[in-house]
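# Examining the three-dimensional arrangement
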Amino acid sequence: MEAPLDRIPLGHLPTPLEHAPRFSAEIAGREVWLKRDDCTGLAFGGNKARKLEYLMAQAVSQGADTVVTFGGVQSNHVRSTAAACRRLGLDCQLLLAGSPPEEVTGNLLLCRVLGAALTFLSLTPAELDPARVEEAFSSVEERLKSAGRRPFRIGPGGSVPAGVLGYKDAFDEMLRQARAAGAPFDHVIVPFGTGGTLAGIVLGNVLAGRPAAVTGISVAPPGMPESLGVPPVQRLVRDAAEAAGLSPELHDGDIVIDYEHAGRAYAAPTTEGIEAIRSLARTEGIFLDPVYTGKAMAGLIGRCRTGVIGPGQRAVFVHTGGTPALFAYNKALAR
(Lines give C-alpha, C1' and ligand atoms only; values in the text may rest on other atoms or scores of the structure.)
Protein backbone atom coordinates (compact mmCIF):
# COMPACT_ATOMS: atom_id res chain seq x y z
CA MET A 1 0.00 0.00 0.00
CA GLU A 2 1.31 3.44 -0.89
CA ALA A 3 2.07 5.46 2.25
CA PRO A 4 -0.42 8.36 2.46
CA LEU A 5 1.87 10.58 4.48
CA ASP A 6 1.23 13.89 2.69
CA ARG A 7 -0.94 16.30 4.65
CA ILE A 8 -2.78 19.51 3.85
CA PRO A 9 -3.10 21.75 6.94
CA LEU A 10 -6.78 22.17 7.80
CA GLY A 11 -6.91 22.22 11.61
CA HIS A 12 -5.73 24.62 14.30
CA LEU A 13 -3.12 22.30 15.79
CA PRO A 14 -1.99 21.48 18.38
CA THR A 15 -5.27 21.62 20.26
CA PRO A 16 -5.16 22.28 24.03
CA LEU A 17 -4.87 19.60 26.68
CA GLU A 18 -6.75 21.09 29.64
CA HIS A 19 -7.36 20.04 33.22
CA ALA A 20 -11.04 20.08 34.24
CA PRO A 21 -10.76 20.65 38.01
CA ARG A 22 -14.40 21.43 38.83
CA PHE A 23 -15.66 18.53 36.76
CA SER A 24 -13.02 16.29 38.39
CA ALA A 25 -14.34 17.28 41.82
CA GLU A 26 -17.73 15.87 40.86
CA ILE A 27 -16.16 12.42 40.38
CA ALA A 28 -13.98 12.72 43.50
CA GLY A 29 -10.48 11.30 43.42
CA ARG A 30 -10.20 11.08 39.63
CA GLU A 31 -8.35 13.75 37.71
CA VAL A 32 -9.91 14.42 34.30
CA TRP A 33 -8.17 16.24 31.48
CA LEU A 34 -9.73 17.16 28.16
CA LYS A 35 -8.00 16.86 24.79
CA ARG A 36 -9.83 19.72 23.10
CA ASP A 37 -10.25 18.48 19.56
CA ASP A 38 -13.50 20.40 19.53
CA CYS A 39 -11.09 23.30 18.92
CA THR A 40 -9.59 22.14 15.61
CA GLY A 41 -11.25 25.10 13.90
CA LEU A 42 -12.57 23.59 10.68
CA ALA A 43 -16.32 24.34 10.43
CA PHE A 44 -16.84 24.49 14.22
CA GLY A 45 -14.03 22.04 14.91
CA GLY A 46 -14.02 18.36 15.75
CA ASN A 47 -11.95 15.25 15.21
CA LYS A 48 -12.53 14.99 11.46
CA ALA A 49 -10.11 17.81 10.67
CA ARG A 50 -7.12 15.64 11.58
CA LYS A 51 -8.31 12.79 9.35
CA LEU A 52 -9.14 15.12 6.48
CA GLU A 53 -5.64 16.58 6.45
CA TYR A 54 -4.43 13.22 5.12
CA LEU A 55 -7.51 12.33 3.09
CA MET A 56 -7.79 15.64 1.25
CA ALA A 57 -4.09 15.46 0.43
CA GLN A 58 -4.82 12.15 -1.30
CA ALA A 59 -7.77 13.67 -3.17
CA VAL A 60 -5.70 16.59 -4.43
CA SER A 61 -2.72 14.41 -5.39
CA GLN A 62 -5.04 12.18 -7.46
CA GLY A 63 -6.47 15.16 -9.33
CA ALA A 64 -9.99 14.83 -7.93
CA ASP A 65 -12.48 17.64 -8.43
CA THR A 66 -15.29 16.16 -6.30
CA VAL A 67 -15.29 14.31 -2.98
CA VAL A 68 -18.01 11.75 -2.25
CA THR A 69 -18.63 10.61 1.31
CA PHE A 70 -21.27 9.07 3.56
CA GLY A 71 -22.82 9.76 6.96
CA GLY A 72 -25.95 10.29 8.98
CA VAL A 73 -28.23 13.30 8.55
CA GLN A 74 -26.48 15.00 11.49
CA SER A 75 -23.01 13.66 10.67
CA ASN A 76 -20.03 15.67 11.89
CA HIS A 77 -17.93 13.94 9.26
CA VAL A 78 -19.97 15.10 6.28
CA ARG A 79 -20.12 18.68 7.61
CA SER A 80 -16.34 18.78 8.08
CA THR A 81 -15.71 17.16 4.69
CA ALA A 82 -17.92 19.71 2.94
CA ALA A 83 -15.99 22.54 4.60
CA ALA A 84 -12.62 21.01 3.70
CA CYS A 85 -13.76 20.73 0.08
CA ARG A 86 -14.70 24.41 -0.03
CA ARG A 87 -11.36 25.34 1.51
CA LEU A 88 -9.60 23.52 -1.33
CA GLY A 89 -11.93 24.47 -4.19
CA LEU A 90 -13.51 21.05 -4.61
CA ASP A 91 -17.14 20.03 -4.96
CA CYS A 92 -18.72 17.71 -2.42
CA GLN A 93 -21.40 15.02 -2.75
CA LEU A 94 -22.84 13.84 0.57
CA LEU A 95 -24.71 10.54 0.92
CA LEU A 96 -26.96 10.75 3.99
CA ALA A 97 -28.37 7.54 5.41
CA GLY A 98 -31.68 8.88 6.69
CA SER A 99 -34.67 10.84 5.39
CA PRO A 100 -34.98 14.62 5.02
CA PRO A 101 -36.07 16.04 8.40
CA GLU A 102 -38.91 18.49 8.85
CA GLU A 103 -36.51 21.08 10.28
CA VAL A 104 -33.10 21.82 8.76
CA THR A 105 -30.76 22.50 11.67
CA GLY A 106 -27.40 21.53 13.16
CA ASN A 107 -24.89 19.88 10.85
CA LEU A 108 -27.43 19.51 8.05
CA LEU A 109 -27.99 23.26 8.02
CA LEU A 110 -24.25 23.87 7.77
CA CYS A 111 -23.95 21.40 4.87
CA ARG A 112 -26.65 23.33 3.02
CA VAL A 113 -24.91 26.65 3.73
CA LEU A 114 -21.69 25.14 2.38
CA GLY A 115 -23.52 24.22 -0.83
CA ALA A 116 -22.82 20.50 -0.71
CA ALA A 117 -24.95 18.24 -2.91
CA LEU A 118 -27.12 16.04 -0.69
CA THR A 119 -28.54 12.59 -1.45
CA PHE A 120 -30.92 11.20 1.20
CA LEU A 121 -31.00 7.40 1.11
CA SER A 122 -33.99 7.20 3.50
CA LEU A 123 -32.66 4.06 5.17
CA THR A 124 -33.20 3.18 8.82
CA PRO A 125 -30.22 1.84 10.84
CA ALA A 126 -31.72 -1.65 10.50
CA GLU A 127 -31.78 -1.33 6.71
CA LEU A 128 -28.14 -0.30 6.36
CA ASP A 129 -25.70 -2.88 5.09
CA PRO A 130 -22.39 -2.76 3.18
CA ALA A 131 -24.06 -3.61 -0.14
CA ARG A 132 -26.45 -0.66 0.07
CA VAL A 133 -23.69 1.71 1.09
CA GLU A 134 -21.52 0.50 -1.80
CA GLU A 135 -24.46 0.81 -4.21
CA ALA A 136 -25.01 4.43 -3.13
CA PHE A 137 -21.33 5.30 -3.58
CA SER A 138 -21.09 3.58 -6.96
CA SER A 139 -24.24 5.23 -8.31
CA VAL A 140 -23.00 8.75 -7.55
CA GLU A 141 -19.46 8.01 -8.72
CA GLU A 142 -20.67 6.60 -12.05
CA ARG A 143 -22.90 9.62 -12.62
CA LEU A 144 -20.01 11.99 -11.88
CA LYS A 145 -17.62 10.12 -14.16
CA SER A 146 -20.15 10.10 -17.01
CA ALA A 147 -20.29 13.89 -16.67
CA GLY A 148 -16.50 14.12 -16.97
CA ARG A 149 -15.87 14.66 -13.25
CA ARG A 150 -13.09 13.07 -11.18
CA PRO A 151 -14.57 11.80 -7.89
CA PHE A 152 -12.60 10.77 -4.81
CA ARG A 153 -14.29 8.52 -2.27
CA ILE A 154 -13.90 8.95 1.50
CA GLY A 155 -15.40 6.05 3.45
CA PRO A 156 -17.90 6.54 6.30
CA GLY A 157 -16.46 8.62 9.11
CA GLY A 158 -13.12 8.94 7.35
CA SER A 159 -12.33 5.60 9.02
CA VAL A 160 -9.78 4.47 6.46
CA PRO A 161 -6.02 3.97 6.95
CA ALA A 162 -5.02 7.50 5.96
CA GLY A 163 -7.60 9.00 8.30
CA VAL A 164 -6.47 6.77 11.17
CA LEU A 165 -2.99 8.28 10.95
CA GLY A 166 -4.44 11.65 11.95
CA TYR A 167 -5.19 10.21 15.37
CA LYS A 168 -1.86 8.48 15.72
CA ASP A 169 -0.51 12.04 15.40
CA ALA A 170 -3.06 13.26 17.96
CA PHE A 171 -1.89 10.70 20.51
CA ASP A 172 1.74 11.74 20.01
CA GLU A 173 0.70 15.38 20.46
CA MET A 174 -1.26 14.58 23.62
CA LEU A 175 1.63 12.60 25.10
CA ARG A 176 4.05 15.49 24.55
CA GLN A 177 1.62 17.93 26.16
CA ALA A 178 1.03 15.71 29.18
CA ARG A 179 4.75 15.29 29.75
CA ALA A 180 5.35 19.02 29.42
CA ALA A 181 2.60 19.65 32.00
CA GLY A 182 3.99 17.01 34.36
CA ALA A 183 0.68 15.16 34.11
CA PRO A 184 1.18 11.68 32.63
CA PHE A 185 -2.15 9.96 32.14
CA ASP A 186 -3.33 6.48 33.12
CA HIS A 187 -6.43 6.25 30.91
CA VAL A 188 -7.62 7.63 27.58
CA ILE A 189 -11.37 7.64 26.86
CA VAL A 190 -12.43 8.00 23.21
CA PRO A 191 -15.88 8.09 21.57
CA PHE A 192 -16.27 5.06 19.29
CA GLY A 193 -18.46 5.32 16.19
CA THR A 194 -16.95 3.99 12.98
CA GLY A 195 -13.64 3.43 14.77
CA GLY A 196 -11.04 5.56 12.98
CA THR A 197 -10.34 7.85 15.94
CA LEU A 198 -10.04 4.94 18.37
CA ALA A 199 -7.79 3.05 15.94
CA GLY A 200 -5.41 6.01 15.68
CA ILE A 201 -5.25 6.47 19.46
CA VAL A 202 -4.60 2.74 19.91
CA LEU A 203 -1.84 2.82 17.28
CA GLY A 204 -0.19 5.82 18.95
CA ASN A 205 -0.44 4.19 22.38
CA VAL A 206 1.08 0.90 21.20
CA LEU A 207 3.95 2.65 19.39
CA ALA A 208 4.65 4.74 22.50
CA GLY A 209 4.99 1.63 24.68
CA ARG A 210 1.42 1.57 26.04
CA PRO A 211 1.65 4.39 28.61
CA ALA A 212 -2.14 4.34 29.11
CA ALA A 213 -5.19 2.11 29.03
CA VAL A 214 -7.29 3.14 26.02
CA THR A 215 -11.06 2.60 25.98
CA GLY A 216 -13.54 3.36 23.23
CA ILE A 217 -17.04 4.17 24.48
CA SER A 218 -19.44 3.07 21.76
CA VAL A 219 -22.15 5.49 20.67
CA ALA A 220 -24.23 2.70 19.09
CA PRO A 221 -25.05 -0.94 19.85
CA PRO A 222 -22.64 -3.50 18.36
CA GLY A 223 -22.54 -3.75 14.60
CA MET A 224 -22.68 -0.16 13.33
CA PRO A 225 -19.24 -0.08 11.63
CA GLU A 226 -19.88 -3.46 10.02
CA SER A 227 -23.26 -2.27 8.69
CA LEU A 228 -21.42 0.48 6.79
CA GLY A 229 -18.68 -1.77 5.47
CA VAL A 230 -16.04 -0.29 7.79
CA PRO A 231 -13.34 -2.78 8.88
CA PRO A 232 -12.94 -3.73 12.57
CA VAL A 233 -10.69 -1.52 14.70
CA GLN A 234 -7.91 -4.12 14.78
CA ARG A 235 -7.74 -4.15 10.98
CA LEU A 236 -7.84 -0.35 10.82
CA VAL A 237 -4.86 -0.22 13.19
CA ARG A 238 -2.88 -2.74 11.15
CA ASP A 239 -3.71 -1.17 7.77
CA ALA A 240 -2.82 2.33 9.00
CA ALA A 241 0.46 1.07 10.42
CA GLU A 242 1.26 -0.66 7.13
CA ALA A 243 0.44 2.52 5.20
CA ALA A 244 2.95 4.41 7.35
CA GLY A 245 5.61 1.71 7.07
CA LEU A 246 5.16 0.63 10.70
CA SER A 247 4.70 -2.86 12.15
CA PRO A 248 3.42 -2.75 15.74
CA GLU A 249 2.55 -5.93 17.61
CA LEU A 250 -1.01 -5.76 18.91
CA HIS A 251 -1.91 -7.44 22.20
CA ASP A 252 -5.33 -8.71 23.25
CA GLY A 253 -5.92 -5.82 25.66
CA ASP A 254 -4.97 -3.02 23.28
CA ILE A 255 -8.49 -2.56 21.91
CA VAL A 256 -11.23 -2.19 24.51
CA ILE A 257 -14.75 -1.12 23.49
CA ASP A 258 -17.50 -0.46 26.04
CA TYR A 259 -21.07 -0.74 24.67
CA GLU A 260 -22.79 -0.12 28.00
CA HIS A 261 -23.58 3.54 27.34
CA ALA A 262 -24.67 3.31 23.69
CA GLY A 263 -28.40 3.48 24.30
CA ARG A 264 -30.98 1.97 21.99
CA ALA A 265 -29.51 3.27 18.72
CA TYR A 266 -26.98 5.56 17.05
CA ALA A 267 -28.05 9.21 17.28
CA ALA A 268 -30.62 8.40 19.98
CA PRO A 269 -29.75 10.49 23.07
CA THR A 270 -29.52 8.79 26.46
CA THR A 271 -30.51 10.19 29.85
CA GLU A 272 -26.99 9.72 31.23
CA GLY A 273 -25.50 11.33 28.13
CA ILE A 274 -27.67 14.42 28.58
CA GLU A 275 -26.66 14.51 32.26
CA ALA A 276 -22.99 14.37 31.25
CA ILE A 277 -23.51 17.27 28.83
CA ARG A 278 -25.09 19.38 31.58
CA SER A 279 -22.42 18.40 34.11
CA LEU A 280 -19.46 19.47 31.97
CA ALA A 281 -21.23 22.63 30.83
CA ARG A 282 -22.12 23.67 34.38
CA THR A 283 -18.71 22.92 35.87
CA GLU A 284 -16.35 23.94 33.06
CA GLY A 285 -18.39 25.91 30.50
CA ILE A 286 -17.57 23.31 27.82
CA PHE A 287 -20.18 21.69 25.60
CA LEU A 288 -20.50 18.06 24.57
CA ASP A 289 -23.03 16.68 22.06
CA PRO A 290 -25.80 14.06 22.45
CA VAL A 291 -24.63 11.73 19.67
CA TYR A 292 -20.96 11.13 20.47
CA THR A 293 -19.23 12.97 23.28
CA GLY A 294 -22.16 13.03 25.72
CA LYS A 295 -22.44 9.24 25.60
CA ALA A 296 -18.66 8.85 25.79
CA MET A 297 -18.40 11.15 28.83
CA ALA A 298 -21.18 9.13 30.48
CA GLY A 299 -18.88 6.16 29.91
CA LEU A 300 -15.96 7.93 31.59
CA ILE A 301 -18.15 8.86 34.57
CA GLY A 302 -19.41 5.28 34.80
CA ARG A 303 -15.89 3.87 34.78
CA CYS A 304 -14.91 6.25 37.57
CA ARG A 305 -17.93 5.29 39.69
CA THR A 306 -17.29 1.57 39.28
CA GLY A 307 -13.57 1.90 40.04
CA VAL A 308 -12.27 0.91 36.60
CA ILE A 309 -10.61 4.32 36.69
CA GLY A 310 -9.31 4.18 40.23
CA PRO A 311 -8.85 6.85 42.91
CA GLY A 312 -5.83 9.04 42.23
CA GLN A 313 -5.68 8.07 38.55
CA ARG A 314 -5.60 10.58 35.72
CA ALA A 315 -7.85 10.19 32.67
CA VAL A 316 -7.80 12.08 29.37
CA PHE A 317 -11.10 12.47 27.55
CA VAL A 318 -10.70 12.99 23.80
CA HIS A 319 -13.31 15.67 23.02
CA THR A 320 -14.09 14.97 19.37
CA GLY A 321 -16.41 17.95 18.90
CA GLY A 322 -19.90 17.68 17.46
CA THR A 323 -21.18 20.96 18.91
CA PRO A 324 -23.52 21.83 15.97
CA ALA A 325 -25.57 18.70 16.70
CA LEU A 326 -26.66 20.26 20.00
CA PHE A 327 -29.13 22.43 18.10
CA ALA A 328 -30.73 19.45 16.38
CA TYR A 329 -31.50 17.92 19.80
CA ASN A 330 -32.88 21.02 21.46
CA LYS A 331 -36.01 19.25 22.74
CA ALA A 332 -34.06 16.52 24.50
CA LEU A 333 -31.71 19.07 26.05
CA ALA A 334 -34.44 21.48 27.14
CA ARG A 335 -36.44 18.92 29.13
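Please refer to the structure higher up on the page.
The rules we used
- Residues numbered from 1 in each chain as written.
- Predicted model: local features only at pLDDT ≥ 70, side-chain atom pairs only at ≥ 80, totals over all residues.
- Heavy atoms only, no water.
- Helix = DSSP H or I, 4+ residues; strand = E, 2+ residues; numbered from the N terminus.
- Rg over C-alpha atoms; globule rule 2.2 N^0.38 Å.
- Buried < 20%, exposed > 50% of the residue type's maximum accessible area, 1.4 Å probe, protein only.
- Areas by Shrake-Rupley, 256 points an atom, 1.4 Å probe, with all protein chains shown as cover.
- 1 Å grid on protein atoms, 1.4 Å probe; cavity = no way out; pocket = protein on both sides within 12 Å on 5 of 7 lines; lining within 4 Å.
- Points joined across faces, edges and corners; volume = space filled by probe spheres on them.
- Contact = heavy atoms within 4.5 Å.
- Polar contact = N/O pair within 3.5 Å; in protein donor to acceptor, adjacent residues only side chain to side chain.
- Axes fitted to C-alpha atoms, helices over the stretch in contact; angles between N-to-C directions.
- Parallel < 35°, antiparallel > 145°, perpendicular 65-115°, else oblique.
- Left-handed = near helix turned anticlockwise from the far one by under 90°.
- Nonpolar A, V, L, I, M, F, W, Y, C, P; charged D, E, K, R; others polar.
- Pairing = 2+ DSSP bridges.
- Salt bridge = Lys/Arg side-chain N within 4 Å of Asp/Glu carboxyl O.

Below, the discussion takes up the overall build of the chain. Along the backbone of the chain there are twelve helices and ten strands. In terms of C-alpha radius of gyration, the chain reaches 19 Å, essentially the compact-globule figure of 20 Å for 335 residues. When the backbone C-alpha atoms are referred to their principal axes, the chain occupies close to 60 × 50 × 30 Å. Of all 335 residues assigned to the chain, the portion counted as buried reaches 57%. With an accessible surface of roughly 13,600 Å², the chain has 51% of that area assigned to carbon and sulfur atoms.

Taken as a whole and judged by the stated rule, the model has one cavity of 30 Å³ or more. Put simply, the largest cavity is a space of about 30 Å³. What lines the largest cavity is simply Arg 7, Leu 13, Arg 50, Glu 53, Tyr 54, Gly 166 and Asp 169. The set of elements that each furnish at least two residues to the lining of the largest cavity consists of helix H2 (48–61) and helix H6 (161–180). Element by element, the count of residues in the lining of the largest cavity is highest for H2, at three residues.

Here we take up the environment of Ser 99. Turning to its location among the elements, Ser 99 is positioned in the loop between strand S4 (91–96) and helix H4 (106–113). Beyond its immediate sequence surroundings of up to four residues, Ser 99 is in contact with Val 73, Phe 120 and Ser 122. Here the side chain of Ser 99 touches Ser 122 through a polar contact of 3.4 Å, side chain to side chain.

So, about the packing of H2 against H6. Contact pair H2 / H6: the axes reach a minimum separation of 7 Å and the direction vectors enclose 140°. Regarding the angle of H2 to H6, the classification is oblique. For the pair H2 and H6, the sense of crossing is right-handed. Where H2 abuts H6, its residues Arg 50, Lys 51, Tyr 54, Leu 55 and Gln 58 lie against Ala 162, Gly 163, Leu 165, Gly 166, Tyr 167, Asp 169, Ala 170 and Glu 173. Considering only residue class, the contact of H2 with H6 consists of six nonpolar, three polar and four charged.

Further remarks concern the packing of H6 against helix H9 (residues 233–243). Following both chains from N to C, one finds H6 and H9 inclined at 85°, their axes separated by 8 Å at the closest point. Classified by the angle their axes make, H6 and H9 are roughly perpendicular. On H9, the residues that touch Pro 161, Val 164 and Leu 165 of H6 are Leu 236, Asp 239, Ala 240 and Ala 243.

Our focus in this paragraph is the sheet that holds strand S2 (residues 31–36). Here six strands make up an open sheet; going across it, the order is S1-S2-S10-S7-S8-S9 and the pairing mixed. With partners counted over all chains shown, the strands left at the sheet margins are strand S1 (17–19) and strand S9 (256–258), one partner each. Across this sheet, the average inter-strand angle for adjacent strands is 30°, counted without regard to direction. Taken together, the three bridges between S1 and S2 define a ladder with antiparallel strand orientation. Bridge assignment links Leu 17 to a residue of S2, and that residue is Lys 35. Helix H11 (residues 293–305) rests against S2, strand S7 (187–192), strand S8 (213–218), S9 and strand S10 (314–319) of the sheet, and its axis sits at about 170° to S10.

Once that is clear, we can look at the environment of Gly 253. Its place among the elements puts Gly 253 in the loop between H9 and S9. Separated by 180 residues in the primary sequence, Gly 253 and Val 73 place their C-alpha atoms 34 Å from one another.

Moving on to the sheet that holds strand S3 (residues 66–71). In a beta sheet, neighbouring strands pair by backbone hydrogen bonds and run either parallel or antiparallel. In spatial order, the strands read S5-S4-S3-S6; together these four strands make up an open sheet with parallel pairing. A strand with exactly one partner marks an edge of an open sheet, and here the two such strands are strand S5 (117–120) and strand S6 (151–154). Along the sheet, successive strands turn relative to each other by an average axial angle of 20°, direction set aside. Summarising the sheet, S3 and S6 pair through four bridges and their orientation is parallel. Residue pairing across strands places Thr 69 opposite Ile 154, the latter belonging to S6. Lying on the sheet, H4 is in contact with S4 and S5; it crosses S5 at an angle near 135°.

Going through the model one piece at a time under the given rule, you end up with 18 salt bridges. Residue Glu 53 is joined to Arg 7 by a salt bridge in which the shortest nitrogen-to-oxygen separation is 2.5 Å. Of this pair, Glu 53 sits in helix H2 while Arg 7 sits in the segment before S1, placing them 46 residues apart in sequence. Since its relative accessible area comes to 42%, Arg 7 is described here as partly exposed. If you follow the salt bridges from partner to partner, you end up with Asp 65, Arg 86, Asp 91, Arg 149 and Arg 150 in one network.

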